[in-house]
Amino acid sequence: MNKTNNTSLDTTVTEFILLGLSHPPNLKILLFLVFFIIYILTQLGNLLILLTVWADPKLHARPMYILLGVLSFLDMSFSSVIVPRIILNFTPASKAIPFGGCVAQLYFSHFLGSTQCFLYTVMAYDRYLAICQPLRYPVLMNGRLCIVLVAGAWVTGSIHGSIQATLTFRLPYCGPNQVDHFYCDIPAVLRLACADTTVNELVTFVDIGVVAASCFMLILLSYANIVHAILKIRMADGRRRAFSTCGSHLTVVTIYYVPCIFIYLRADSKSPFDGAVAVFYTVVTPLLNPLIYTLRNQDMKSALKRIATSRGATDKNK
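Please read these numbers as outputs of a predicted model, since none were measured by experiment. (Residues numbered from 1 in each chain as written. Predicted model: local features only at pLDDT ≥ 70, side-chain atom pairs only at ≥ 80, totals over all residues. Heavy atoms only, no water.)

**A closer look at the overall build of the protein**
Then step 1. Counting secondary structure elements, the protein contains 11 helices and five strands.
Then step 2. Taking 318 residues into account, the globule formula puts the C-alpha radius of gyration at 20 Å, and the protein, at 22 Å, falls close to it.
Then step 3. Going through the 318 residues of the protein one by one, you find that 45% of them count as buried.
Then step 4. Relative to all contacts within the protein whose residues are 6 or more apart in sequence, the contacts with residues 24 or more apart total 78%. (Helix = DSSP H or I, 4+ residues; strand = E, 2+ residues; numbered from the N terminus. Rg over C-alpha atoms; globule rule 2.2 N^0.38 Å. Buried < 20%, exposed > 50% of the residue type's maximum accessible area, 1.4 Å probe, protein only. Contact = heavy atoms within 4.5 Å.)

Put into structure tokens, the structure is as follows:
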């Protein structure tokens, strides 16, 4: 184990070894290809949404699509912090990550992850106003308020990431240095600390578990009101489309929040399923968002057709 004194962070460990996902050796190539394809599709799908919202004036003037563009940027960033490391673990390359790299990965994963957590709540509130308060929606959710809410999510997420990274790495780490996870996350790193972690576990429980659970409950409450409003729609086709949209949105939100709550409300205990559960909100959710919010969204599909038609007409004129 490579060790040296690091008085600024009160630790002797200079690197960590990420053990990665448990898997049969004969599936290494298959898993490498699966996660590599997922990463590429995640980046391309979210980039398509981002560029479509930016290029279409009808979309980037509406709060819902401003939020969707921000979500796509978050998905691309969050996926880039986590997935390349998973892919690397299926190659012969070294599984070591420098101490500073581990600090950065933990900070950015929690910064971006918590920002996404708050953004989902804002998006649910936006849908609640649009469906339950349609006449007042332009006043209640205007562009300025949307930007303020998004900025608030980013700032709060940054504060959250800073608190968690500071509390985690203020502890001494004197060995062992093998992180039983596929990225530097709080519960896995804290198990290696050479000091009492009770305060850290309490802060993790409150700052992540309880906050995530509270956001999830607010989202469920918003959608409960939305469902109540949908039931008042007299046209069966309108009800069906509204339920389909809400159902798909809730599916993505559930896949994101439930694993988070499962892991961080029991940060002091370890389960053999932790790695598999974490894959859902770190890998699967960023992949699903473009599918759910694009393929099932008529405005996005119409915008894509307009952009494609405009591009085709431009090419013909040349």
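**Observations regarding the pairing of strand 3 (residues 15–18)**
Then step 1. Across the two faces of strand 3 the burial differs, with F16 and L18 buried and E15 and I17 not buried at all.
Then step 2. Note that strand 3 and strand 4 (residues 96–98) share three bridges and pair antiparallel. Considered in strand 4, the bridge of F16 is made with I97.
Then step 3. Across two bridges, the pairing between strand 3 and strand 5 (residues 178–179) is parallel. Residue pairing in the sheet places L18 in a bridge with V179 of strand 5. (Pairing = 2+ DSSP bridges.)

**Some remarks on empty space enclosed by the protein**
Summary: where empty space remains is shown by rolling a probe the size of a single water molecule over the atoms.
Then step 1. Tallied over the full model, the rule gives one cavity of 30 Å³ or more.
Then step 2. Approximately 110 Å³ is the volume attributed to the largest cavity.
Then step 3. Surrounding the largest cavity, M64, L67, L68, Y120, M123, A124, D126, R127, Y223, H249, V253 and Y293 form its lining.
Then step 4. The set of elements that each furnish at least two residues to the lining of the largest cavity consists of helix 3 (63–88), helix 4 (99–132) and helix 9 (236–264).
Then step 5. Here the lining of the largest cavity is composed, by residue class, of nine nonpolar, one polar and two charged. (1 Å grid on protein atoms, 1.4 Å probe; cavity = no way out; pocket = protein on both sides within 12 Å on 5 of 7 lines; lining within 4 Å. Points joined across faces, edges and corners; volume = space filled by probe spheres on them. Nonpolar A, V, L, I, M, F, W, Y, C, P; charged D, E, K, R; others polar.)

**A few points about the nonpolar core**
Taken as a class, soluble globular proteins show a tendency for nonpolar side chains to be buried jointly.
Then step 1. Ranked by size, the top nonpolar core spans 83 residues in total, and within it F16, Y120, Y173, Y257 and Y281 carry the most contacts.
Then step 2. Per element, the largest residue contribution to this core is 14 residues, and it comes from helix 4.
Then step 3. If near-sequence neighbours (up to four positions away) are discounted, Y120 is found in contact with L71, I219, V252, V253, Y256, Y257, T285, N289 and Y293. (Core = buried A, V, L, I, M, F, W, Y, C linked by side-chain atoms within 4.5 Å.)

**Details of the packing of helix 4 against helix 8 (residues 198–230)**
Then step 1. At a minimum axis distance of 9 Å, the contact between helix 4 and helix 8 shows a crossing angle of 20°. Between helix 4 and helix 8, the angle is such that the two are roughly parallel. Of the two elements, helix 4 crosses helix 8, and the hand of that crossing is left-handed. Side by side, helix 4 and helix 8 meet where H110, C117, F118, Y120, T121, A124, Y125, R127, Y128, I131 and C132 of the first sit next to I208, V211, A212, C215, L218, I219, S222, Y223, N225, I226 and A229 of the second.
Then step 2. For the contact of helix 4 with helix 8, a count of residues per class yields 17 nonpolar, four polar and one charged. (Axes fitted to C-alpha atoms, helices over the stretch in contact; angles between N-to-C directions. Parallel < 35°, antiparallel > 145°, perpendicular 65-115°, else oblique. Left-handed = near helix turned anticlockwise from the far one by under 90°.)

**Examining helix 8**
In an α-helix there are 3.6 residues to a turn, and that puts residues three or four apart on one side.
Then step 1. With 33 residues, helix 8 should cover 48 Å at 1.5 Å per step; its first-to-last C-alpha distance of 46 Å lies within 8% of that length.
Then step 2. Along helix 8, the largest kink reaches about 25° and is centred on F205. (Expected span 1.5 Å × (residues − 1). Bend = angle between axes of the 7 residues up to and from the residue.)

**Notes on the state of the cysteines**
Then step 1. Applying the stated rule across the entire model yields two disulfides.
Then step 2. The side chain of C102 participates in a disulfide bridge whose partner is C184; the two sulfur atoms lie 2.1 Å from each other. Because the sign of the S-S torsion sets the handedness, a value of about -120° for the bond joining C102 and C184 places this disulfide among the left-handed ones. Of this pair, C102 sits in helix 4 while C184 sits in the loop between strand 5 and helix 7 (186–190); the two residues are 82 residues apart in sequence, bridging distant segments of the chain.
Then step 3. Classification of C102 by relative accessible area gives buried; the value is 0%. (Disulfide = S-S within 2.5 Å.)

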